[in-house]
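Residue-level structure breakdown
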Amino acid sequence: MFEQFDLDSELLASIKELGYKKPTSIQTLVIPPAMAGKDILASAPTGTGKTAAFLLPIAQHLLDYPRTQPGFPRVLILTPTRELAIQIGGDSDNLTKLTKIKTGVITGGVNYGSHADILNSTTDILVATPGRLLEYIENEQFDAREIEILVLDEADRMLDLGFSEAINRIVGEARWRKQTMLFSATLEGAGVIRFAKEVLNEPEFLESNPSRKEKAKIHQWLHLADSAPHKLNLLVNTLKQQGVERTVVFANKRETVQYLSGKLYAEELPCVWLEGKMPQDKRNKAIERFKSGEVKVLVATDVAARGLDIDNITHVINFDLPRKVDIYVHRIGRTGRAGAKGTAISLVEAHDMSVVGKIERYQSERLQRRVIETLRPKNKEARVANKKAKIKLTTAQKKAKAKKQAKKKVKQTKMKS
Ligand code: AMP
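About the cut-offs
Residues numbered from 1 in each chain as written. Predicted model: local features only at pLDDT ≥ 70, side-chain atom pairs only at ≥ 80, totals over all residues. Heavy atoms only, no water. Helix = DSSP H or I, 4+ residues; strand = E, 2+ residues; numbered from the N terminus. Areas by Shrake-Rupley, 256 points an atom, 1.4 Å probe, with all protein chains shown as cover. Pairing = 2+ DSSP bridges. Axes fitted to C-alpha atoms, helices over the stretch in contact; angles between N-to-C directions. Salt bridge = Lys/Arg side-chain N within 4 Å of Asp/Glu carboxyl O. Buried < 20%, exposed > 50% of the residue type's maximum accessible area, 1.4 Å probe, protein only. Contact = heavy atoms within 4.5 Å. Parallel < 35°, antiparallel > 145°, perpendicular 65-115°, else oblique. Left-handed = near helix turned anticlockwise from the far one by under 90°. Nonpolar A, V, L, I, M, F, W, Y, C, P; charged D, E, K, R; others polar. Core = buried A, V, L, I, M, F, W, Y, C linked by side-chain atoms within 4.5 Å. Near = heavy atom within 4 Å. Polar contact = N/O pair within 3.5 Å; in protein donor to acceptor, adjacent residues only side chain to side chain. Phe/Tyr/Trp six-rings, centres within 6.5 Å; stacked < 30°, edge-to-face > 60°. Lys NZ or Arg CZ within 6 Å of the ring centre and 35° of its normal.

Tallying secondary structure elements over the protein chain gives 17 helices and 14 strands in all. Per element, the accessible surface of the protein chain, about 21900 Å² overall, is 51% carbon and sulfur.

If you want it as structure tokens, here you go:
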């Protein structure tokens, strides 16, 4: 129950209106320490309710300590993409609509004039992408020294997108802050951990452990494929099946996205596609056609699909399996949102099997193998040796091991003689 947290009635009323019945696991973990003012380091993929996990403590802080004079924003939320920033801005408006808290969104890809209102009037919570915000800081149009709470959302993605320098600069500018919260889909990468150590102060380390019910929302399976053309046939067959409605197809390369969209059109499967360097208006148009249901398939690379927040995605298909587990987790997290069931299907060639092994170890669960009878693979599943992770020993442990081995040797020699 949300009543267990010490939230003002205006916030509880908005939560009720949004239809949230009880807190998700990440909300239960994050809200109490965040309300106590602690720094937070949390792993939470999108779809787990992480946005409200940081927005509610932020809103409560602003209500507890109301602003006494106009000024620059007191809370800054940095996100990797425009879509995610807009999404968080909307969530913030919804959660704080019965209060006087004002939220603004600043991102690239829109003209500079449209931010004048946010920069010149009093905004409490600012959601921004790092690049454009840094420009405003450098032009002295924005002052980050009034920031009290800083949130780094999807920190792993921001680092992947090459924002680390911009973020470091902004973090430096916001040096008077009292609290920092860092959210990342996984905390696997060394980059995120190193970065977290630099920006956080004795953080609470929180890992969302979605309940079985939350986990069970996404059905995952794979099809073994002999080659890229075989994968294409599997993709077309899957997309033509009943119940495959709103589908995001992931490819690892831009060229593959273009190749696939051509092939799907030839199969009378209209689709839209996204690529990283697309002009914003073209991108918006493509997203809109997919969102409105005009086309049911969206083909994209990971970079292009970052931050995309579209509800009711029924299927995620990995035409190419990503090379890293955290990207897989991110991709499949796009389906099965807000209680809906989702399906994630991976088309897997022999060279992908080592990644399959990593995914299965990470999830402690074998991905089910499925076969489409007419497209049965000719090759058997490639076996990959399960390399045991080498454990680093401390000097003391090394000495103990050497001693043990020496003893064993003595015993063996004694036995022989
Ligand atoms: P997020 O991970 O923050 O992107 O949230 C994923 C979706 O879950 C969004 O559509 C939220 O509106 C929704 N949501 C967040 N918290 C809850 C909750 N406690 N109960 C139900 N839905 C929620």
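Our focus in this paragraph is the sheet that holds strand 2 (residues 75–78). The strand order 3-4-2-5-6-1-7 describes an open sheet built from 7 strands, whose pairing is parallel. Across the chains shown, the open sheet's two edge strands, defined by having one partner strand only, are strand 3 (103–106) and strand 7 (204–207). Pairs of neighbouring strands in the sheet enclose a mean axial angle of 15 degrees, with direction left out of account. Pairing of strand 5 (residues 149–152) with strand 6 (residues 179–184), which is carried by 4 bridges, proceeds in the parallel orientation. Bridge pairing in strand 6 links L152 to L182.

Quick look at the pattern of salt bridges now. As enumerated under the stated definition, the model contains 19 salt bridges in all. In this structure, E17 engages K97 in a salt bridge whose closest nitrogen and oxygen atoms are separated by 2.6 Å. Here E17, found in helix 1 (residues 9–18), pairs with K97, found in the loop between helix 4 (82–95) and strand 3; they are 80 residues apart in sequence, far enough to count as distant. Judged by relative accessible area, K97 falls into the partly exposed class, the value being 46%. Of the charged contacts, one joins D320 and K231 as a salt bridge, the two residues approaching to 3.0 Å between their closest N and O atoms.

Because each turn of an α-helix spans 3.6 residues, side chains separated by three or four positions in sequence point in the same direction. Within helix 6 (residues 130–138), the full set of buried residues consists of P130, R132, L133, L134, Y136 and I137. In this structure, the buried residues of helix 6 make contact with strand 2, strand 3, helix 5 (116–120), strand 4 (125–128), helix 7 (155–160) and helix 8 (164–173). Backbone geometry just downstream of helix 6 places E140 in the positive-phi region, at approximately 60 degrees.

A pair of packed helices can be characterised by two numbers: the angle between their axes and the separation between those axes. Remark: helix 2 (residues 25–35) packs on helix 3 (residues 50–64), axes separated minimally by 9 Å, with the N-to-C direction vectors making an angle of 25 degrees. In terms of orientation, helix 2 lies roughly parallel with respect to helix 3. Relative to helix 3, the crossing made by helix 2 is right-handed. Note on element contacts: helix 3 touches helix 2 through K50, A52, A53, L56, P57 and Q60, opposite I26, Q27, V30, I31, A34 and M35. When its residues are assigned to classes, the contact of helix 2 with helix 3 shows 9 nonpolar, 2 polar and 1 charged.

Take the nonpolar core next. In terms of nonpolar packing, the biggest core is built from 35 residues, with V30, F54, L56, I58, I77 and M181 touching the most fellow members. In terms of residue count, helix 3 provides more of this core than any other element does, 8 residues in total. Contact partners of L56, with chain neighbours within four places excluded, come to F2, L7, L11, I15, I31 and L95. Listed in part, the 32 residues of the second largest apolar core include L78, I137, A144 and M158.

Further remarks concern the site of the ligand. Around the ligand, the neighbouring residues are F2, Y20, K22, P23, T24, Q27, T46, G47, T48, G49, K50 and T51. Between Y20 and the ligand, the recorded distance is 2.7 Å, taken from a side-chain N or O atom to an oxygen atom. By residue class, the composition of the shell around the ligand is 3 nonpolar, 7 polar and 2 charged.

We now examine the sheet that holds strand 12 (residues 315–318). If you trace the 7 strands from one edge of the open sheet to the other, you get 10-11-9-12-13-8-14, paired in parallel fashion. Single-partner strands in this sheet number two, and they are strand 10 (271–274) and strand 14 (368–370). Adjacent strand axes in the sheet meet at a mean angle of 25 degrees when their direction is disregarded. Pairing geometry for strand 9 (residues 247–250) and strand 11 (residues 297–300), over 4 bridges, is parallel. Counterpart to V248 in the pairing with strand 11 is L298.

Note on placement: T81 falls in the loop between strand 2 and helix 4. Among the residues examined, T81 registers a relative accessible area of 9% and is labelled buried. At 3.3 Å, the side chain of T81 forms a polar contact with the backbone nitrogen of L84.

Summed over all chains, the structure comprises 5 aromatic pairs. An angle of 35 degrees between the planes, with centres 6.5 Å apart, marks the rings of F2 and Y20 as tilted. Of the two residues, F2 sits in the segment before helix 1 while Y20 sits in the loop between helix 1 and helix 2, which places them 18 residues apart along the sequence. With centroids separated by 5.2 Å and ring planes inclined at 55 degrees, the aromatic side chains of F54 and F183 adopt a geometry described as tilted. One end of the pair, F54, is in helix 3; the other, F183, is in strand 6, and 129 residues separate them in sequence. Here F54 matches F183 in class, with each residue buried. An aromatic cluster of three or more residues is present, and its members are F2, F5 and Y20. It is R370 that lies over the ring of W221; its NZ or CZ is 3.6 Å from the centre.

Another point: the pairing of strand 1 (residues 40–43). The alternating pattern of strand 1 places I40 and A42 and L41 and S43 on opposite faces, both of which are buried. Pairing between strand 1 and strand 6: 4 bridges, direction parallel. Considered in strand 6, the bridge of L41 is made with L182. One ladder, built from 4 bridges, connects strand 1 with strand 7; its direction is parallel.

A word on the environment of V329. Among the structural elements, V329 can be located in helix 15 (residues 325–332). For the pair V329 and A185, spaced 144 residues apart in sequence, the C-alpha to C-alpha distance is 7.7 Å. With residues up to four places along the chain from it excluded, the contact list for V329 reads P45 and Y362.

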